[in-house]
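Residues per chain, in single letters:
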Amino acid sequence: MIYLDSHATTPMLPEVWEAMRPFALEQFGNPSSVHGVGRKARAALGDAREQIASLLSAHPDEVIFTSGATEANNLAVFGLAGSPPGHVVSSPIEHPCVAEPVRQLAARGFTVEYVSVDSRGVVRIDRYRELLRPDTRLAVVMLVNHETGSVQPVRELAGLGNVPFHCDAAQAVGKFPVDFRNLGVTTLSFSAHKFGGPKGIGGLIVKRAGKLVPQLFGGHQQNNRRPGTESVMLAVGMATALKLATERMAVNREHVGRLRTLFRERLQTLASPVVINSPEDGSPFVLNVAFPGCRAELLLMMLDLAGIACSTGSACSSGSLLPSPVLSAMGVPATVLDSAMRFSFGPSLTEEDIRAAAEKIATAATRSR
C-alpha cells in the first residue's frame, strides 16, 4: 500500500509510543488523586501542557486537553457564542466538525453569514470586513484547508473588529509554525493524530481574556472548562509528537514539497486531462486533483484495489455523495467536482512511492474513462 491520505490521519511515531508506554503500564495514576501515584501523574500532565504551550507560543493555563479537534471545535464554537440571539461569521470551507456546530447555532436562533472565498479557496478579507456587525458574537475561519491546502489570512482577519475568533488549526499544527499569540485569535484547536501522535486527544488553546462557557459538567479539571479525568498517557504522546514534528518541520516540509511537485508533474504527464484544485502557494502536504471524465467514487475504489490509499475529501464526510462544499465555494464546475480526489503526503513517502502511485492512478483513470 502507498498511503496518500495523511490529512485523514498519520501513523504514530515509534518515539511517541515509547514516551507513552510507561504511563499506560506503570505510572498509571489519576492526575486528580492526592497520593504519590496521582502526584506523579499530575506532574507529567503539567510537563506535557507546558511543552505544548511553549511550542505553540501560549501560556500553559491556556491549553485545554480534549478528545480531539472535533471536541475542541465544538467547545470553542458553542463556548464562545453563548446563547442566542446574535450574529456569527464563518467560511464555507470549514471542516465538518466546525461547519456542523455552526449550523447548530443557526438552528438555535443565531444569524449565520458566510464570507466568500476566491478561486484559490482563500477567504476574502474585504468581504469578511463587510460582514462584521455590532452584534457579531463569533467569527470562525480555519488556518489550513483540509481538502485543498489553501492557507487562510487568519492573522489579518482576527485583527479586524473586536470579535471572538476561533481558528481550526488541525492541518497546520505540527506542519507549519503556529504562534498562537501572534495570530491574535481567541481560541485555536488541534489534534495529535494529524502530526504523528495518538488518536483520541487534541487541544484547544483559549486566550486568557477569552470567555469560554463550558459544555460539559461533572468535575473541576482544567479550571472547570473541560471536566473529566485527563489521559496522562495521551497528553504525553501528543506533547512528544509535537516536539518531534516541530524539530523536523523544515525538513519535512521541504521533502513533501518536492514529492507534491513530482506527483503533480507525473499526473499531468500520465493522466491528462487533470485539473489541479490546490493553489500553488498552499500547503505542500496536500494536492486536490480532478480527473474529468471519471467518477471520484469509482476511482477511489479502483485505487484502493490497486493499493493506493487516498480520499475524495475529509474523512469525517467520506460517506457523503454530495459535492465538496469547499470546491463548490471556490466555483469549481460540476465536471471537475465529480472527479476530484484528495492526495495528502507524509514525510515517510519516497520519490519511488510517488512515481509508482502516479502510474497506478493514471492507469485507473484511463480505465475509468
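Scope of this entry: the structure provided in the associated data block. What you see is a predicted model, and the numbers here were worked out from it, not measured in a lab.

Notes on the sheet that holds strand β9 (residues 275-276)
Strand order in this open sheet of 3 strands is β9-β10-β12, and the pairing throughout is antiparallel. For this open sheet the edge positions go to β9 and β12 (340-344), each flanked by a neighbour on one side alone. Here strand β10 (residues 286-290) runs beside β12; their pairing, made up of 5 bridges, is antiparallel. Bridge pairing in β12 places V286 opposite S344.

A few points about the pattern of salt bridges
This structure, assessed with the given rule, holds 17 salt bridges. Taken together, the salt bridges that share partners define one network made up of E113, R133 and D135.

Some points on the nonpolar core
Among the nonpolar cores identified, the biggest contains 65 residues, and F165 and L188 are the most heavily contacted of them. Of all the elements, helix α8 (residues 232-247) adds the most residues to this core, at 10 residues. Every residue in contact with L188, bar those within four places of it in the chain, is listed here: H166, C167, A169, V173, V178, F180, L183, G203, L204 and I205. One finds L259, C294, L303 and A364 within the second-largest nonpolar core, a separate group that totals 31 residues.

A closer look at helix α10 (residues 296-305)
All buried positions along α10 are accounted for by A296, L299, M302 and L303. Viewed along the axis of α10, the buried residues span an arc of 125°, placing them on a single side of the element. Across from the buried face of α10, at angles greater than 90 degrees, the exposed residues are M301, D304 and L305. Structurally, α10 contributes buried residues whose contacts are with β11 (308-309), β12 and α13 (351-368).

Examining the packing of helix α2 (residues 36-55) against α8
Closest axis-to-axis distance for the α2/α8 pair is 9 Å, and the angle between their directions is 30°. As summarised for this structure, α2 and α8 are arranged roughly parallel, according to the angle between their axes. The handedness of the crossing between α2 and α8 is left-handed. Contacts between α2 and α8 involve A41, A44, L45, A48, Q51, I52 and L55 on the former and, on the latter, V232, A235, V236, M238, A239, T240, L242, K243 and T246. By residue class, the composition of the contact of α2 with α8 is 12 nonpolar, 3 polar and 1 charged.

Some details on α8
Each full turn of the α-helix corresponds to 3.6 residues, which orients residues three or four apart in the same direction. Taking 1.5 Å per residue, 16 residues should reach 22 Å; α8 reaches 23 Å between its end C-alpha atoms and fits that length. Within α8, 12 of the 16 residues are buried, which leaves it mostly tucked inside the rest of the structure. Of all the residues in α8, the buried ones are V232, L234, A235, V236, G237, M238, A239, T240, A241, L242, L244 and A245. Looking at the packing, one finds that the buried side of α8 touches α1 (14-25), α2, β2 (63-66), β7 (187-191), β8 (202-206) and α9 (249-270).

Describing the packing of aromatic side chains
Within this structure, the stated rule accounts for 4 aromatic pairs. On the basis of an interplanar angle of 65° and a centroid distance of 5.0 Å, the ring pair of F263 and F343 is categorised as edge-to-face. With a gap of 80 residues between them, F263 in helix α9 and F343 in strand β12 connect regions that are remote in the sequence. For F263, a relative accessible area of 0% puts it in the buried group.

Section: the sheet that holds strand β4 (residues 111-114)
On the basis of which strands lie adjacent, the open sheet formed by 7 strands has the order β2-β8-β7-β6-β5-β3-β4 and mixed pairing. The sheet is open, and its two edges are formed by β2 and β4, each paired on a single side. For this sheet the average axis-to-axis angle between neighbouring strands, irrespective of direction, equals 20°. Inspection of the sheet shows strand β3 (residues 87-90) paired to strand β5 (residues 136-140) by 4 bridges, in the parallel sense. Residue pairing for β5: H87 is matched across the bridge by T136.

Parameters at a glance
- Residues numbered from 1 in each chain as written.
- Predicted model: local features only at pLDDT ≥ 70, side-chain atom pairs only at ≥ 80, totals over all residues.
- Heavy atoms only, no water.
- Pairing = 2+ DSSP bridges.
- Helix = DSSP H or I, 4+ residues; strand = E, 2+ residues; numbered from the N terminus.
- Salt bridge = Lys/Arg side-chain N within 4 Å of Asp/Glu carboxyl O.
- Core = buried A, V, L, I, M, F, W, Y, C linked by side-chain atoms within 4.5 Å.
- Buried < 20%, exposed > 50% of the residue type's maximum accessible area, 1.4 Å probe, protein only.
- Contact = heavy atoms within 4.5 Å.
- Arc of directions from axis to C-beta.
- Axes fitted to C-alpha atoms, helices over the stretch in contact; angles between N-to-C directions.
- Parallel < 35°, antiparallel > 145°, perpendicular 65-115°, else oblique.
- Left-handed = near helix turned anticlockwise from the far one by under 90°.
- Nonpolar A, V, L, I, M, F, W, Y, C, P; charged D, E, K, R; others polar.
- Expected span 1.5 Å × (residues − 1).
- Phe/Tyr/Trp six-rings, centres within 6.5 Å; stacked < 30°, edge-to-face > 60°.

Purely geometric numbers; function is a separate question.
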